[in-house]
Amino acid sequence: FDGFDTAQNWKELYSDPTDAASIHAWVMPQRYISDTTLEKWRHHLHVKSKATPMKSRDEVTPLHKLSPIGRLIPHESPPVLPMERVYPDEILDLGGGRWMIDFGKAFSGMLRFESGLPEPIIPAEGYPKGHEVNTLAKDESFITVVYGERLEMFTHDINLPLVAGMGLHDGGGRHKSKKTGDPEMKGGPCYPKDHIKAGSLLQRDVYILPKTDGGKGSFSGARQSHFTTHAFRFAEICCSEEPPSDVTALAYRSSFKEWGDFSSSNVRINGGYELVKNAMNANLLGVQSDCPHREKIQYGGDILADSPAAMHLYDMSAFYRKVVLDWADQQWENGAYAGTSYWLMLNDQTGIGNGSGETVWASAPVVMTARHMQHYGDLEFLKRTVDKHIKWLGFLHKHFDKGMLKKGYIEDLEGYWKSGSGLGDWLGFRQRDTWLTHEGFYMASARSIAYISEKLGRKGNAVEAALDISNMVKERIAGLYLKYNQGFLPPDSRGKFMSPAQEMGLFSRIVPGDRRCNVLRHYFTRIGHTWPGSAEMNFLKHIDKGTKESMRASGEITKRGKQDAMGWSQWHGFNEGIFAVRYALKTLSETGYHNVALDKATGFGVGTWEYMLSHNATTLWESWWRSEDLYSHNHPMLGASSEWMVSAVAGLELEPTTTGGREVQFWPRFPNSASTLNYAGATQGTRRGDFAIAWEFVDLHQDTMLHIRAYVPPDGKGVLRLPEYRNGEGVDSILKKALVLPDIEKAKQLSDDVCASRRKSKLYGFGYNWEFDKRTMLWMKFNRNKSIGTPCRHFLFHSHLDNVEWGNPITAPGTSENGVEVILAPGLYDVVINDWKLEPEVKAMDQEWRIGDRKEYYLSEDLGPYCSDSDSFDWRIDDASHLI
């Protein structure tokens, strides 16, 4: 191990000239040679991406196929560093010198051996799968570490195909697996026949020690890999008589500040929040990747979907500035942006041509610039990027309509009722309405230009032109999707099951005021369906009769023809893709149906957080269904839901028109019943300091009191929307302000200590797992103690704050007018509502209730006051929250 992370650095070693042909011979480094200029290379990429028509004289074919070295600039985002030391939950002896370490959660990083590695042995029955190394000399000994996030269902080995994401899947709509071995027989560059022996599709470290070093070296000197991170929960070490002692793991990510948190009384909601947070932590290493062990690509769609959650959790100011600048550097001369922050010739066929990525994905840099301004208030960043974004809008204005016609979208959308060309609301259960998302993000790009121009004080043509384009696209969408007064749907009624639909029209302020109630009513007619996924169907073949009857009685199993099948739900779980999941939750909570949003969030069965948690997930999956052969189990793209938890469940979000995070909106929404939720709280970091809110129900068995506390930091401003019932009826609220600000940081620390103790006990978190018993060949549900999902009360209700001296109370009388707001200056506030009315949740319990509609709402004559609240539904030029 001499030469790496040592004082000696690298040193030149003697290599036998007679052994020069050997793959084990040392060779001198080769100089990086490129025989083209940066300008010629960039033109070559323009031609390759079709951003510039190809002519024979334009062809660039560098002899060495190497691009010239570009400009070197200072690093503009935080470095990737080890952020947490993770200790093993369990170390298992798998036999034959193989050891399995379970760290209890998935993350990105590598193992750390504080006392080194034990001496290796050669297993008597040969090396197990994944641990063979065929590229070493005979005099070299080795120890391998194989990393993974899931275990094989039947063997309980690390799931290797899932890590690689290649081969064992046909990619079809029903997600049926191919027979094991078929891809290996075919081979090919993505799934070579020797992929396991060669280690080409593994996450693996190989620690090597030559025996010809005169006995100087020892495996006890090994500490960790320094070359790459891996994404894993499980690590297999092979082969040694004893497991390594003092083994831990180092979890890495970009070292920005974590400044947001959330918790509630509901284990499933908390568990969903943790799934998102853990996946975010694992995928923020220099870039915001889709998954940390496979593609590791910065996709525009993923960033647009996840950024509200990421900007809640962390200070992403420098990180997202770098993301946008990468896109700006990549932009083609015609103004087109790619779908990834560096062009990869990936999914270009889903865009409108001429070098553009898919419209949604390629709109990331301009929309993210507007969001960045709302959170961080960086005017210099706007000045640096605005002209690039205007070029993008000019490209869309010139090419969009023609490009859409070439993709097969005719002007009146006749015959359009299922997924067209595009990515759209990726990877939900439904067909994707790709026309709507293409058009919607064209509109969002124009809105973002208008927003940015207005913030820069560019009056007149720049703003007006962008607004004209955004309104033109908005009217085009509304004209077609409201044409037959059947909600917000494509003109062909067969398209009513696509996603997104009403939720996008309402959230993005596309639906005009006089049509909102009608659209909301028709939204409740949407239904779920059964699911034929191979993993779920195979699961049902391997459960006993009693378990199946129990699942049938709960509604988790229903009939698909004559077969038992699981069903995905519209109203008691998630079916939406990466964008509509946020639109759905936010729209329901904003329009007075927070109880329905909570139903979705606390549901069970396929398409829920409960389903992932019950299959031992610790990071969010790429798909709502279980996949053991293709889709990643560490993928945050469906994670925008965590921002809804903070903004609606707790009640804390940036005011839509604020800049630099100076002003927040305190608007907690409450459940009908305390059995769903009886407390919640959140903290939101900003450049002005940390804002916080917490609420709880008190005396549930008597006259229930609703108790709220809110904190506004120095130089911040809060707007408290007074509590009201779903029908808009107000209640008397008693407000008090602390006369002297207590030690907030001390309260935080004490509260964090209490929560850490609760989590460490594993007595309060999500409490069960489905596990496959190899002896009986059956899935069984076992009670398991876990920390994930542990409820923790917010620091604002810690006993350290019990002795705060409050000012004189002020009573704000309840009114019939919804949306009464109170301005909160910096300070700590206490709000009490006596005799808050709770009501039981009423749920049907027949076999179809999970996948049915919500008749009680679409048949109701009164949908409540919110759907017709004209003040809150028209998009304004300074509103960055509802750009799209």
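Thresholds, definitions, all that
Residues numbered from 1 in each chain as written. Predicted model: local features only at pLDDT ≥ 70, side-chain atom pairs only at ≥ 80, totals over all residues. Heavy atoms only, no water. Helix = DSSP H or I, 4+ residues; strand = E, 2+ residues; numbered from the N terminus. Contact = heavy atoms within 4.5 Å. Areas by Shrake-Rupley, 256 points an atom, 1.4 Å probe, with all protein chains shown as cover. Pairing = 2+ DSSP bridges. Axes fitted to C-alpha atoms, helices over the stretch in contact; angles between N-to-C directions. Salt bridge = Lys/Arg side-chain N within 4 Å of Asp/Glu carboxyl O. Buried < 20%, exposed > 50% of the residue type's maximum accessible area, 1.4 Å probe, protein only. Parallel < 35°, antiparallel > 145°, perpendicular 65-115°, else oblique. Left-handed = near helix turned anticlockwise from the far one by under 90°. Nonpolar A, V, L, I, M, F, W, Y, C, P; charged D, E, K, R; others polar. Phe/Tyr/Trp six-rings, centres within 6.5 Å; stacked < 30°, edge-to-face > 60°. Lys NZ or Arg CZ within 6 Å of the ring centre and 35° of its normal. pLDDT = per-residue confidence, 0-100. Disulfide = S-S within 2.5 Å. Expected span 1.5 Å × (residues − 1). Patch = residues over 30% accessible without salt bridge, like charges linked within 9 Å, V, L, I, M, F, W, Y side chains within 5 Å. Core = buried A, V, L, I, M, F, W, Y, C linked by side-chain atoms within 4.5 Å. Polar contact = N/O pair within 3.5 Å; in protein donor to acceptor, adjacent residues only side chain to side chain.

**Regarding the overall build of the chain**
Looking only at helices and strands, the chain features 21 helices and 25 strands. Summarising the internal contacts of the chain: among those between residues at least 6 apart in sequence, 76% fall at separations of at least 24. Only carbon and sulfur atoms are counted for the fraction: they give 51% of the accessible area of the chain, which is about 37,500 Å².

**Quick word on the sheet that holds strand S20 (residues 733–737)**
Pairing within the open sheet is antiparallel, and its seven strands lie in the order S8-S16-S17-S18-S25-S20-S23. Each edge of the open sheet carries a strand with a single partner, namely strand S8 (260–264) and strand S23 (810–812). The sheet shows a mean angle of 15° between the axes of neighbouring strands, taken without regard to direction.

**What to know about the pattern of salt bridges**
Across all of its chains, the model carries 43 salt bridges by this definition. Two residues, Arg-494 and Asp-492, come together in a salt bridge whose shortest N-O distance is 2.9 Å. For Asp-492, a relative accessible area of 15% gives the class buried. Between Arg-509 and Glu-590 there is a salt bridge, with its nearest N and O atoms 3.4 Å apart. Of this pair, Arg-509 sits in the loop between helix H12 (502–507) and helix H13 (516–523) while Glu-590 is found in helix H16 (residues 580–590), placing the two residues 81 residues apart along the sequence. A single burial state applies to Arg-509 and to Glu-590, both of which are buried. Through salt bridges with shared partners, a single network forms among Lys-548, Glu-549, Arg-552, Lys-559 and Asp-564.

**Structural notes on the packing of helix H8 (residues 364–376) against helix H9 (residues 379–406)**
Orientation of H8 relative to H9, taken along the N-to-C sense of each, is 155°, at an axis distance of 10 Å. Of the possible angle classes, the one that applies to H8 and H9 is roughly antiparallel. In this structure, H8 meets H9 at a crossing whose hand is left-handed. When H8 is examined against H9, the residues Pro-365, Val-366, Thr-369, His-372 and Met-373 are found in contact with a partner set consisting of Leu-379, Phe-381, Leu-382, Thr-385, His-389 and Trp-392. A class-by-class count of the residues in the contact of H8 with H9 yields seven nonpolar, four polar and no charged.

**Remarks on the sheet that holds strand S12 (residues 557–560)**
The strand order across the open sheet formed by three strands is S11-S13-S12, and the pairing between neighbours is antiparallel. With partners counted over all chains shown, the strands left at the sheet margins are strand S11 (529–531) and S12, one partner each. When the angles between neighbouring strand axes are averaged without regard to direction, this sheet yields 65°. As defined by bridge partners, S12 adjoins strand S13 (residues 563–568) across four bridges and the pair is classed as antiparallel. Looking at the pairing, Lys-559 lines up with Asp-564 of S13.

**Overview of the packing of aromatic side chains**
Using the criterion set out here, one finds 45 aromatic pairs in the structure. With a centroid separation of 4.5 Å and 45° between ring planes, the pair formed by Phe-766 and Tyr-768 is classed as tilted. With respect to burial, Phe-766 and Tyr-768 carry one shared label: buried. Here the aromatic residues Phe-429, Trp-531, Trp-568, Trp-625 and Tyr-631 are joined through ring pairs into a cluster of three or more. The cationic tip of Arg-669 hangs over the ring face of Trp-667; the distance from NZ or CZ to the ring centre is 3.8 Å. Over the ring of Tyr-764 we find Arg-758, and its NZ or CZ is 4.0 Å from the ring centre.

**Here's the deal with the confidence of the model for the chain**
Averaged over every residue, the pLDDT of the chain is 89; residues scoring 70 or more account for 89%. Within the model, pLDDT remains below 50 along residues 1–11, and this stretch shows 12 contacts once partners closer than five positions in the same chain are excluded. Overall, residues 166–194 carries pLDDT values under 50, and its contacts beyond four positions in sequence, including any with other chains, amount to 48 contacts.

**Details of the state of the cysteines**
Enumeration over the complete set of coordinates arrives at two disulfides. At a sulfur-sulfur separation of 1.7 Å, the disulfide partner of Cys-238 is Cys-239. The same class applies to Cys-238 as to Cys-239, namely buried. Residue Cys-755 pairs covalently with Cys-792 via a disulfide, S to S 2.0 Å. Across the S-S bond linking Cys-755 and Cys-792, the dihedral sits near 80°, which makes this disulfide right-handed. With Cys-755 in helix H20 (residues 744–761) and Cys-792 in the loop between strand S22 (778–783) and S23, the pair connects residues that are 37 residues apart, well separated along the chain.

**Some words on the pairing of strand S7 (residues 247–254)**
Look at any regular strand and the pattern is simple: side chains alternate between the two faces of the sheet. Among the eight residues that make up S7, eight are buried, leaving the element largely enclosed by the rest of the structure. Inspection of the sheet shows strand S1 (residues 80–86) paired to S7 by six bridges, in the antiparallel sense. Residue pairing across strands places Glu-84 opposite Ala-251, the latter belonging to S7. Alignment of strand S3 (residues 98–113) against S7, held across five bridges, turns out to be antiparallel. Residue pairing across strands places Met-110 opposite Leu-250, the latter belonging to S7.

**Notes on the environment of His-226**
Among the structural elements, His-226 can be located in the loop between strand S5 (204–210) and strand S6 (230–238). A relative accessible area of 37% means that His-226 is categorised as partly exposed. The spacing of His-226 and Met-110 is 116 residues in sequence and 8.7 Å in space, taken between C-alpha atoms.

**Side note on the side chain of Arg-447**
Along the polypeptide, Arg-447 turns up in helix H10 (residues 434–455). Once you skip the residues sitting within four places of it in the chain, Arg-447 turns out to touch Ser-470, Lys-474, Ser-508, Arg-509, Trp-875, His-882 and Leu-883.

**Observations concerning H16**
Most of H16 is tucked away, with 11 of its 11 residues classed as buried. Those residues of H16 that sit buried are Ala-580, Val-581, Arg-582, Tyr-583, Ala-584, Leu-585, Lys-586, Thr-587, Leu-588, Ser-589 and Glu-590. Backbone geometry just downstream of H16 places Gly-592 in the positive-phi region, at approximately 95°.

**Side note on helix H1 (residues 38–49)**
In this model, H1 (12 residues) spans 16 Å end to end at C-alpha, consistent with the 16 Å of a helix rising 1.5 Å per residue. Among the residues of H1, Trp-41, His-44, His-46, Val-47 and Ser-49 are the ones counted as buried. After H1 finishes, the residue Lys-50 shows a positive phi value of roughly 70°.

**Digging into a nonpolar patch on the surface**
A contiguous nonpolar patch, built from Tyr-32, Ile-69 and Leu-72 and spanning about 400 Å² of accessible area, is present on the exposed surface. Inspection of the secondary structure puts Ile-69 in the loop between H1 and S1. Residue classification places Ile-69 among the exposed residues on the basis of a relative accessible area of 63%.

**With respect to the nonpolar core**
One finds Met-316, Trp-435 and Phe-666 to be the most contacted residues of the largest nonpolar core, which totals 176 residues. At 11 residues, H10 tops the list of elements feeding residues into this core. Beyond its immediate stretch of four places on either side in the chain, Trp-435 contacts Met-404, Tyr-409, Leu-413, Tyr-416, Arg-476, Ile-477, Leu-480 and Tyr-481. Among the nonpolar cores identified, the runner-up in size contains 23 residues, and Phe-107, Tyr-147, Tyr-207 and Phe-219 belong to it.

**A short note on the side chain of Asp-830**
Looking at where Asp-830 falls in the secondary structure, it is placed in strand S25 (residues 827–833). A distance of 2.6 Å separates a polar atom in the side chain of Asp-830 from a polar atom in the side chain of His-707. Engagement of the side chain of Asp-830 in a polar contact is seen with the side chain of Arg-709, the distance being 2.8 Å. Every residue in contact with Asp-830, bar those within four places of it in the chain, is listed here: His-707, Ile-708, Arg-709, Ile-734, Leu-735, Lys-736 and Trp-806.

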